[in-house]
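Coordinates in review
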Amino acid sequence: MKEHKTKNIFMQGPISPSFIADSIAKHSTKTEIGAHDIFLGQVRADEVNGQKVKAIEYTAYEEMALEKMHMIREAIFEKYNLTCMHIHHSLGEIAAGEICLFVFTSSAHRKAAIEACNEVVERIKAELPVWGKEIFEDATHQWKVNQ
Amino acid sequence: MTSNSIIAFGQIAEIVGNNLSIDTPDTDSLKKILEKMFPQLQSLRYQIAINKEIISTNTEISEGAQIALLPPFSGG
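Structure report, in brief. Since this is a predicted model, take the numbers as computed values, not measurements.

With that out of the way, let us pick up the overall build of chain B. The helix and strand inventory of chain B stands at 2 helices and 5 strands. Start at the N end of chain B and walk to the C end: the helices and strands fall as β-α-β-α-β-β-β. For chain B, whose C-alpha radius of gyration is 12 Å, the value lies close to the compact-globule estimate of 11 Å for 76 residues. Its C-alpha atoms give chain B principal-axis dimensions of about 35 × 25 × 25 Å. Burial status across chain B gives 26% buried among its 76 residues. Long-range contacts, defined here as pairs at least 24 residues apart, represent 48% of the contacts in chain B between residues at least 6 apart.

This is the structure we're talking about:
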């Protein structure tokens, strides 16, 4: 099994489309890869009681989240034949329409990349101590609940 | 014995703040003290982590242990 050190998945602010494009471009030298799968989470302008969500402010128990993410990463590499996996999660205030989660898996054949990507996204949402505060246009807020 | 400081997140942090220190031997008694100080907690869902491990049964709190109060996760 490959060794993967604990990586910091958190970045302050939104994940820019150019960052995602650069990340894809960096894989052109890895010619053993035949398939990528990418999940992008975008902040949705939900409407609750006539108020629209204008942003989500993310906070995390970072030390615990990174330890947990490391365990998830190890389990995913154990289960799927992946070439690589990259995960980025935003912290701070992310406006509606901006990207807040970027999961990128690569493998020789599509099945591993697709299944691993899906499983990682589900586990991130269920297991990482991260919280989203939905901020409305009138500056009131509610705490996001994952479906 | 020194008391353990408690870090809280999300909605729980809005209620208990982040300057809380409680001297208590285990997580059951911690819960009782917290819910007496902050009755709103009784109707909210939250988990307790000791040294970054979520506890599922009553757990001893050793000196210097990191206590965290975690509402339901909503990342991604």
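The next point concerns the environment of T105(A). Position of T105(A) relative to the elements: it lies in strand 6 (residues 99-107). Ignoring any residue separated from it by four or fewer positions in sequence, one finds T105(A) in contact with D37(A), L82(A), M85(A), A113(A), A116(A), C117(A) and V120(A).

Below, the discussion takes up the nonpolar core. In this structure, I56(A), A116(A) and L69(B) are the most contacted members of the largest nonpolar core, which totals 46 residues. Counting residues per element, this core draws most heavily on helix 3 (residues 110-127) of chain A, which supplies 6 residues. Beyond its immediate stretch of four places on either side in the chain, I56(A) contacts V43(A), I94(A), C100(A), G132(A), K133(A), E134(A), I135(A) and K144(A).

We now examine the interface of chain B and chain A. Taken together, the 13 residues of chain B in the interface contact 22 residues of chain A. Every element with two or more residues in the side of chain B that touches chain A is listed here: helix 1 (10-16) and strand 5 (67-70) of chain B. Class assignment of the residues belonging to the side of chain B that touches chain A gives a composition of 7 nonpolar, 5 polar and 1 charged.

This brings us to the pairing of strand 6 of chain A. Residue and element names in this part refer to chain A. Among the 9 residues of strand 6, 8 are classified as buried, and the element is accordingly described as predominantly covered. Pairing of strand 2 (residues 35-42) with strand 6 involves 8 bridges; the strand directions are antiparallel. Among the inter-strand pairings, G41 is bridged to a residue of strand 6, identified as L101. Examined bridge by bridge, strand 5 (residues 82-95) and strand 6 share 7 bridges and lie antiparallel to one another. Counterpart to L82 in the pairing with strand 6 is S107. Connecting the antiparallel pair strand 5 and strand 6 is a turn made up of 3 residues, with G97 showing a positive phi of about 95 degrees.

Time to look at the packing of helix 2 (residues 62-79) of chain A against helix 3 of chain A. All names here are of chain A. Where helix 2 contacts helix 3, the two axes come as close as 11 Å, and the packing angle between them is 155 degrees. Here helix 2 is positioned roughly antiparallel relative to helix 3, judged by the angle of their axes. As for the relative orientation of helix 2 and helix 3, their crossing is right-handed in sense. Contact residues: K68, I72 and I76 in helix 2; A116, E119, V120, R123 and E127 in helix 3. Grouping the constituent residues of the contact of helix 2 with helix 3 by class yields 4 nonpolar, no polar and 4 charged.

On to the environment of S23(A), then. All names here are of chain A. Relative to the assigned elements, S23 resides in helix 1 (residues 17-25). By C-beta crowding, S23 is classed as partly exposed, having 16 other C-beta atoms within 10 Å. Each C-alpha atom of the pair S23 and Y80 lies 21 Å from the other, and the pair is 57 residues apart in sequence. When neighbours within four sequence positions are excluded, S23 is seen to be in contact with H86 and F104.

It is worth spelling out helix 2 of chain A at this point. Between its terminal C-alpha atoms helix 2 of chain A stretches 25 Å, which fits the 26 Å expected from 18 residues at 1.5 Å a residue. Of all the residues in helix 2 of chain A, the buried ones are M64(A), A65(A), K68(A), M69(A), R73(A) and I76(A).

Calculation notes
Residues numbered from 1 in each chain as written. Chains lettered and ligands numbered in written order. Predicted model: local features only at pLDDT ≥ 70, side-chain atom pairs only at ≥ 80, totals over all residues. Helix = DSSP H or I, 4+ residues; strand = E, 2+ residues; numbered from the N terminus. Rg over C-alpha atoms; globule rule 2.2 N^0.38 Å. Buried ≥ 20, exposed ≤ 12 C-beta atoms within 10 Å, placed from the backbone. Contact = placed C-beta atoms within 7 Å. Core = buried A, V, L, I, M, F, W, Y, C linked by C-beta atoms within 7 Å. Nonpolar A, V, L, I, M, F, W, Y, C, P; charged D, E, K, R; others polar. Pairing = 2+ DSSP bridges. Axes fitted to C-alpha atoms, helices over the stretch in contact; angles between N-to-C directions. Parallel < 35°, antiparallel > 145°, perpendicular 65-115°, else oblique. Left-handed = near helix turned anticlockwise from the far one by under 90°. Expected span 1.5 Å × (residues − 1).

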